[in-house]
Amino acid sequence: MTSRHILLLGPLLLLLGAAYLVPFLGVMQWSVTLPEPGLGQYRTALTDPLVLGVIWRTLRICALVTVLSVAAAYVMTLVWVRGGPVARLVVELCILIPFWISVLTRAFGWLALLSNKGLVNGWLQTLGIISEPLTLVRNEFGVVLGMVHFLIPFAVFPLASSMRAVDERVLMAARGMGASRARIFWQIFVPMTKSGILGAVLLVFVFALGFFVTPAILGGGRSVMVAELIYLRIFQSPDWGLGAAISVILMIAVGALLALMLRQTKGAAR
């Protein structure tokens, strides 16, 4: 990188530092000074049963959301990259339209659909399939569904990049040697898109770790995740030191995952 590039990037780096680094340093200071100096809040965050329960719930939900999102995105991307013109257009609309709708609007939309008096329960009761409304929100099911709906488009793009890089000559050679479509897909195509799958997994998991609005609305306080716990500790307890310590732990975890994703991307490029 030349000195000219550094000069051009200087204002942007200063802005990012002022907007993100300075507040984060303040949060780190809170974590070791409130309510008293020391690492007591970190010990509490790593030993308190309530905090550990929220952390494990967050990891479990994020893992499930990641698997479902990447699996659904893989199917959609396969149709988008290798399907016919009409199928490609439909999938493209399904990918792009969610980006135009805010996460808050989508969460309230799912709440209207899945609540006890929502459209889904109303239709099922009208058809006589159920007699009592199903509990589809204010639990982990609603949280997972809302998060998967939001994160599928983000998983599509790394998958699309890897699928478009697949060498068609390899697939044609496999067909010429008599391999079935299923064998070509599972033993050749999927391994050749491994970098896209790993990129999508890491991207979705990192996004899911910091989710706040969707779990807060669709979980109804019964499926609290880490981001919501931080909000509760800082704005409602108030227990700023513990909330700051959990924030720092979450930031370190996200940074480690991003470093892993960057390393994987460089490895795939080589």
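In this text the structure is predicted, and so the values were computed from the model without any measurement. Starting from 1, residues in each chain are numbered consecutively following that chain's sequence as written. Predicted model: local features are reported for residues with pLDDT of at least 70 only, side-chain atom pairs are reported and counted for 80 or more only, and whole-chain, interface and lining totals are derived from all residues. To obtain the side-chain values, all non-hydrogen atoms of the structure were used and water was disregarded.

Let us now look at the confidence of the model for the protein chain. The predictor attaches a confidence to each residue, and that confidence, scored 0 to 100, is pLDDT. On average, the protein chain scores 87 in pLDDT, and the residues at 70 or more come to 96%. Segments assigned H or I by DSSP are reported as helices when at least four residues long, segments assigned E as strands when at least two residues long, and all are numbered from the N terminus. Across the protein chain, the element-wise mean pLDDT spans from 80 in helix α13 (residues 240-269) up to 93 in helix α3 (residues 49-82).

This part covers the pattern of salt bridges. By convention in these notes, a salt bridge is any Lys or Arg side-chain nitrogen within 4 Å of a carboxyl oxygen on Asp or Glu. Enumeration according to the criterion identifies 3 salt bridges in this entry. Between R60 and E140 there is a salt bridge, with the nearest N and O atoms lying 2.4 Å from each other. Taken as a pair, R60 in helix α3 and E140 in helix α7 (residues 140-164) lie far apart in primary sequence, 80 residues in all. The cut-offs for exposure are 20% and 50% of the maximum accessible area for each residue type, with area from a 1.4 Å probe on protein chains only; residues under the lower value are buried, those over the upper are exposed, and the others partly exposed. Judged by relative accessible area, which is 46%, R60 ranks as partly exposed. Residue class for E140 comes out partly exposed when judged on its relative accessible area of 29%. Between D167 and R169 there is a salt bridge; the shortest N-O distance is 2.9 Å.

Before going further, it helps to spend a moment on the packing of helix α8 (residues 168-176) against helix α9 (residues 181-192). Every axis in this analysis is a line fitted to C-alpha atoms, fitted for helices over the stretch in contact. Angles between the N-to-C directions lie between 0 and 180 degrees. For the pair α8 and α9, interaxial distance at closest approach is 11 Å and the crossing angle is 165°. Classified by the angle their axes make, α8 and α9 are roughly antiparallel. Where α8 crosses over α9, the two elements pack in a sense that is right-handed. Across the interface between the two elements, V170, L171, A174 and R175 from α8 touch I184, I188, F189 and M192 from α9. Classes in brief: Ala, Val, Leu, Ile, Met, Phe, Trp, Tyr, Cys and Pro nonpolar; Asp, Glu, Lys and Arg charged; the others, Gly included, polar. Taken together, the residues of the contact of α8 with α9 break down into 7 nonpolar, no polar and 1 charged. Any angle that falls under 35 degrees is termed roughly parallel, while one over 145 is termed roughly antiparallel, one within 65 to 115 roughly perpendicular, and all others oblique. Crossing handedness is read from the near helix: turned anticlockwise from the far helix by less than a right angle, it gives a left-handed crossing, and turned clockwise, a right-handed one. Contact definition: two residues touch when any of their heavy atoms are within 4.5 Å.

A few words on the side chain of N121. Tracing the backbone shows N121 in helix α6 (residues 119-126). Within the local environment of N121, its side chain forms a polar contact with the backbone nitrogen of L134, the two atoms lying 2.7 Å apart. Setting aside its immediate chain neighbours within four residues, N121 contacts L113, L114, S115, N116, I130, P133, L134 and L136. As used in this structure description, the phrase polar contact means that two N or O atoms lie within 3.5 Å; if the pair is within protein, one of them must be able to donate a hydrogen and the other to accept it, and residues adjacent in sequence are counted only when both atoms belong to side chains.

As a further point, take the nonpolar core. With 52 residues, the main nonpolar core has I61, V65, M147, L151, L209 and I246 as its most contacted residues. Only α3, α4 (85-96), α7, α8, α9, α10 (194-209), α12 (226-235) and α13 provide two or more residues apiece to this core. Per element, the largest residue contribution to this core is 13 residues, and it comes from α7. In this structure I61 touches E140, V143, V144, M147 and M225, once residues within four positions along its chain are discounted. Core analysis: the second largest hydrophobic core is formed by 8 residues, A107, L111, V137 and I217 among them. As used in this record, nonpolar core signifies buried Ala, Val, Leu, Ile, Met, Phe, Trp, Tyr and Cys residues forming a set joined through side-chain atoms within 4.5 Å.

Moving on, we get to empty space enclosed by the protein. A probe as big as a water molecule, rolled over the atoms, marks out the empty space that is left. For each structure, a 1 Å grid was placed over the protein atoms alone; sets of points admitting a 1.4 Å probe that cannot get out are labelled cavities, open sets with protein on both sides within 12 Å along at least five of seven lines are labelled pockets, and lining residues have an atom within 4 Å of a point. Grid points are joined across faces, edges and corners, and a volume is the space filled by probe spheres set on the points. Enumeration over the complete set of coordinates arrives at 1 cavity of 30 Å³ or more. Taken as a whole, the largest cavity holds about 40 Å³ of empty space. As for the largest cavity, its lining consists of V103, R106, A107, W110, G146, H149, F150 and T214. If you list the elements that add at least two residues to the lining of the largest cavity, you get α5 (103-114) and α7. Here the lining of the largest cavity gets 4 residues from one element, more than from any other, and that element is α5. Its residues assigned to classes, the lining of the largest cavity shows 4 nonpolar, 3 polar and 1 charged.

A separate point is unusual backbone geometry. Residue P35 is bonded to the preceding L34 through a cis peptide linkage, with omega at -5°. Structurally, P35 can be placed in the loop between α1 (3-33) and α2 (40-47). Here R138, not a glycine, exhibits a phi torsion of approximately 60°, which is positive. Following the sequence through the fold, R138 ends up in the loop between α6 and α7.

Below, the discussion takes up the side chain of T193. Secondary-structure assignment places T193 in the loop between α9 and α10. Residue T193 is classed as buried on the basis of its relative accessible area, which comes to 0%. For T193, the contacting residues outside a window of four places in its chain are Y74, S162, M163 and V166.

Another aspect to go through is the packing of aromatic side chains. In summary, the pairing rule links any two rings of Phe, Tyr or Trp, Trp by its six-membered ring, whose centres are within 6.5 Å, and it sorts them by plane angle into stacked for under 30 degrees, edge-to-face for over 60 and tilted for everything else. Tallied over the full model, the rule gives 12 aromatic pairs. Taken together, a centroid distance of 5.1 Å and an interplanar angle of 35° make the contact between Y231 and F235 tilted. Taken as a pair, Y231 and F235 lie in helix α12 at a separation of 4 residues, close to a single helical turn. For Y231, a relative accessible area of 34% corresponds to the partly exposed category. An aromatic cluster is defined as three or more aromatic residues linked by ring pairs; in this entry it consists of W80, F99, F150, F154, F157, F207 and F211.

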